[in-house]
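Analysis of the macromolecular model
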Amino acid sequence: MKNYFVPAFLLLTTASFAQRVNQDSLVNESKKTEVWQPVPKPVTPGATASEAPSDAIVLFNGTNLDSWVKESDNKAPGWKLDGDGAMTVVKGSGNLKTKQAFGNCQLHIEWREPSAIAGSSQSRGNSGIFFMGKYELQVLDSYNNPTYVNGQAGSIYKQHIPLVNASRKPGEWQSYDVIFTAPSFDAAGKVLSPARITVLHNGVLVQNNVAIKGSTQWIGQPSYEKHGDKEPIVLQDHGKDGGNPMSYRNIWVRELN
Ligand code: MG
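Residues numbered from 1 in each chain as written. Predicted model: local features only at pLDDT ≥ 70, side-chain atom pairs only at ≥ 80, totals over all residues. Heavy atoms only, no water.

1. Quick look at the sheet that holds strand 2 (residues 68-70)
- The strand order across the open sheet formed by five strands is 2-5-14-7-8, and the pairing between neighbours is antiparallel. Every interior strand has two partners, whereas the edge strands, strand 2 and strand 8 (135-139), have only one. Across this sheet, the average inter-strand angle for adjacent strands is 25°, counted without regard to direction.
- The sheet contact formed by strand 7 (residues 127-131) and strand 8 spans five bridges and is antiparallel. (Pairing = 2+ DSSP bridges. Helix = DSSP H or I, 4+ residues; strand = E, 2+ residues; numbered from the N terminus. Axes fitted to C-alpha atoms, helices over the stretch in contact; angles between N-to-C directions.)

2. Examining the layout of surface pockets
- Approximately 220 Å³ is the volume attributed to the largest pocket.
- In terms of lining, the largest pocket is formed by Gln122, Asn126, Phe130, Glu136, Gln138, Tyr148, Tyr157, Thr216, Gln217, Trp218, Gln236 and His238.
- Its residues assigned to classes, the lining of the largest pocket comprises four nonpolar, seven polar and one charged. (1 Å grid on protein atoms, 1.4 Å probe; cavity = no way out; pocket = protein on both sides within 12 Å on 5 of 7 lines; lining within 4 Å. Points joined across faces, edges and corners; volume = space filled by probe spheres on them. Nonpolar A, V, L, I, M, F, W, Y, C, P; charged D, E, K, R; others polar.)

3. Thoughts on the nonpolar core
- Counting residues in hydrophobic clusters, the biggest one holds 40 residues, and the most contacted among them are Ile129, Phe180 and Tyr248.
- Considering each element in turn, this core owes the most residues, four residues, to strand 6 (residues 105-112).
- Among residues more than four places away in sequence, those in contact with Phe180 are Gly103, Asn104, Cys105, Phe131, Met132, Tyr135, Ala195, Arg196, Ile197 and Ile212. (Core = buried A, V, L, I, M, F, W, Y, C linked by side-chain atoms within 4.5 Å. Buried < 20%, exposed > 50% of the residue type's maximum accessible area, 1.4 Å probe, protein only. Contact = heavy atoms within 4.5 Å.)

4. Considering the side chain of Gln236
- Topologically, Gln236 is positioned in the loop between strand 14 (231-235) and strand 15 (247-255).
- Every residue in contact with Gln236, bar those within four places of it in the chain, is listed here: Trp79, Val89, Asn95, Asn126, Ser127, Gly128, Phe130, Glu136 and Gln138.

5. Concerning the pairing of strand 8
- Of all five residues in strand 8, five are buried; the element is thus mostly enclosed.
- Judged by which residues are buried, strand 8 turns out to be covered on both faces: Tyr135, Leu137 and Val139 on one side and Glu136 and Gln138 on the other are all buried.

6. So, the packing of aromatic side chains
- Under the counting rule described, the total for this entry stands at seven aromatic pairs.
- Ring geometry for Tyr135 against Tyr224: centres 5.8 Å apart, planes inclined by 55°, an arrangement best described as tilted. One end of the pair, Tyr135, is in strand 8; the other, Tyr224, is in the loop between strand 13 (204-211) and strand 14, with 89 residues separating them in the sequence. Comparing Tyr135 with Tyr224, the two get one shared label, buried.
- Taken together, the ring pairs connect Phe131, Tyr135, Phe180, Phe185 and Tyr224 into an aromatic cluster. (Phe/Tyr/Trp six-rings, centres within 6.5 Å; stacked < 30°, edge-to-face > 60°.)

7. Some words on unusual backbone geometry
- The omega torsion of the bond from Gln37 to Pro38 falls at -10°, within 30 degrees of zero and hence cis.
- When you line up the elements, Pro38 lands in the loop between helix 1 (8-31) and strand 1 (57-60).
- The phi dihedral of Ser121 falls on the positive side, at around 50°, and the residue is not glycine.
- Within the element layout of this structure, Ser121 appears in the loop between strand 6 and strand 7.
- Take Ser121: its relative accessible area is 24%, and that puts it in the partly exposed class.

This is the structure in structure tokens:
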């Protein structure tokens, strides 16, 4: 039997060459699933979760109500500026509506219940955020305030119970961070896709991409009626009964397309 002498350096070179070929082919393979376009637009985030990112539309920063009108007659809103960055509902002065219309969007909004507790159930700090003027994310003092659960804070009023009750005490600022997807309709008004909503209440998930069943109804079942791709956002003056001098601050929205 012959002895073949293979120099050690040749063995090593051959091995490392094979390894490199193998490594190169893995890299080539990995490149097939890399996507380089389109490049996401840079956005400067706010310094805190309250602060608007650079591409947001600021709807309220405490200084004026210029982005809003009274819903019923498009006149100047009757709510009052508190001078500390907040605005407060003036009972009976009517709902507020954004001048600009929005469809798919990300909304940040902060709200505070009056520290002096008045009323109970739905009559304690009731307000609401109506996406497209129709679909209500309930605002209520739900800290030790039993009510029907599909009407408590974080509910999609009379449609979806919040996953948990993340309410803070009255007098403390609370936040909603919302991802809202507008419904779509065909030419005849048939719903092609329902509105959807995801809500974080004080950073806690309370609605997870739920399908909205139609316009919010106090009485009866919700249903859809065809409307524009974009509609104003409305803030509710629940007025009339109970203690509802709610305050809002730091409201900003990002349009999602
Ligand atoms: Mg309400």
